[in-house]
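Reading the structure
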Amino acid sequence: MTHDHSATSDRGPSRPFGRVITAMVTPFTPDGALDLDGAARLARHLVDEQANDALVLNGTTGESPTTTDAEKENLIRAVVEAVGDRARIVAGVGTNDTRHTVELAAQAEKAGAHGLLVVTPYYNKPPQAGLLRHFTTVADATGLPVMLYDIPHRSGVAIATETLVKLAEHGRIVAVKDAKGDLIATSEVLARSDLAFYSGEDALTLPFLSIGAVGVVGTSTHFTGAATKQMIEAFAAGDLAGALALHRRLLPLYTGIFRTQGTILVKAGLAAQGLPAGPVRPPLVDATGDELAQLRADCAAAGLPLPE
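Residues numbered from 1 in each chain as written. Predicted model: local features only at pLDDT ≥ 70, side-chain atom pairs only at ≥ 80, totals over all residues. Heavy atoms only, no water.

Moving on, we get to the environment of Leu209. Position of Leu209 among the secondary structure elements: in helix 8 (residues 205–210). For the pair formed by Leu209 and Ile232, sequence separation is 23 residues and the distance between their alpha carbons is 7.8 Å. In this structure Leu209 touches Val214, Gly215, Ile232 and Phe235, once residues within four positions along its chain are discounted. (Helix = DSSP H or I, 4+ residues; strand = E, 2+ residues; numbered from the N terminus. Contact = heavy atoms within 4.5 Å.)

As structure tokens, then:
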């Protein structure tokens, strides 16, 4: 089964969104409003300094549960304008309401996004038939390539192997952000489909590459993007020792960014670097002094110290 992955030729059909993708935080002003200038600046930093091939906007790391549909649209437009000529902009449009997800998908396409990230509907725990219908309906709604997001520990339900294999038959469903942590199930889907798999957990990127994944959709990649790109390229070039050395070096930050909810620590670290971030919106809470101190230690351990 072959697909038109709607990717430029340099990325190849097997890497529809490149190798290193960051689920970008959404910068806010000090009073909590959307900071579009900051978003453009952060996007340029992630693409030009952190070697990101693509950015996911309006994901959970982008605080999608607490941004409005209008804010989501404005964010896409600002970031597409800033870096859309040199990075793929993937819009998170997943909700637990198929009709709303279709609306967000159409809005994202109109705003200039290059692809969609669609998470498993959460909380209402649909059966596999419901997942199949949800993802297919969304993929049918636009001309954009779709990355499924399989994250059962947040959504409450996994996308089963048979469901993934069936979804792979859809011409626009081209990739999976896999945060299931089940390398055996993933291996089977990879063997039975041509879906491009991206690790949804930073620390599992190297093991995922070993079974045929192509890259990562990361959170720590706000800071580790360039080094993670080196790790992936080392693996691709057959330099397994080099890739493993980078994996081990970066591990303290791959895991440390999740000592509390990832957005909280990313925003604290970006602020320390003088980059746009701003506060988080409730129900999240900003990092404490102790949490920032621990993040500084984790960054230093990974060889990527934050400025004092």
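Under the UniProt annotation, "site: Part of a proton relay during catalysis" (unreviewed entry) lies at Thr60 and Tyr123. Among the residues examined, Thr60 registers a relative accessible area of 34% and is labelled partly exposed. In this view, Thr60 contacts Arg154, Gln261 and Thr263; residues no more than four positions away in its chain are not counted. Once residues lying within four places of it in the same chain are set aside, the contact partners of Tyr123 are Asn96 and Ser155. (UniProt positions renumbered as here; feature names shortened; annotations may be inferred. Buried < 20%, exposed > 50% of the residue type's maximum accessible area, 1.4 Å probe, protein only.)

For the coordinates displayed, the defined rule picks out zero aromatic pairs. Above the ring of Phe28, the side-chain terminus of Arg281 is found at 4.1 Å from the ring centroid. (Phe/Tyr/Trp six-rings, centres within 6.5 Å; stacked < 30°, edge-to-face > 60°. Lys NZ or Arg CZ within 6 Å of the ring centre and 35° of its normal.)

With that settled, consider the pattern of salt bridges. Evaluated as defined, the whole model comprises twelve salt bridges. Across the salt bridge formed by Arg86 and Asp85, the nearest N and O atoms sit 3.2 Å from each other. Glu308 is the salt-bridge partner of Arg296, the closest N and O atoms lying 3.8 Å from each other. Of this pair, Arg296 sits in helix 12 (residues 289–301) while Glu308 sits in the segment after helix 12, placing them twelve residues apart in sequence. For Arg296, a relative accessible area of 21% corresponds to the partly exposed category. (Salt bridge = Lys/Arg side-chain N within 4 Å of Asp/Glu carboxyl O.)

Turning to its location among the elements, Thr26 is positioned in the loop between strand 1 (20–23) and helix 1 (36–48). Residue class for Thr26 comes out buried when judged on its relative accessible area of 1%. Residues in contact with Thr26, not counting those within four places in the same chain, are Leu34, Thr61, Gly62, Glu63, Leu75, Lys267 and Ala277.

To continue, consider the sheet that holds strand 7 (residues 196–199). What links the strands of a sheet is backbone hydrogen bonding, and the strands pair in either a parallel or an antiparallel sense. The sheet built from eight strands closes into a barrel, its strands ordered 1-2-3-4-5-6-7-8 with parallel pairing. Strand-to-strand, the axes of this sheet are offset by a mean angle of 25 degrees, without reference to chain direction. Summarising the sheet, strand 4 (residues 115–119) and strand 5 (residues 146–150) pair through four bridges and their orientation is parallel. Bridge assignment links Val119 to a residue of strand 5, and that residue is Tyr149. (Pairing = 2+ DSSP bridges. Axes fitted to C-alpha atoms, helices over the stretch in contact; angles between N-to-C directions.)

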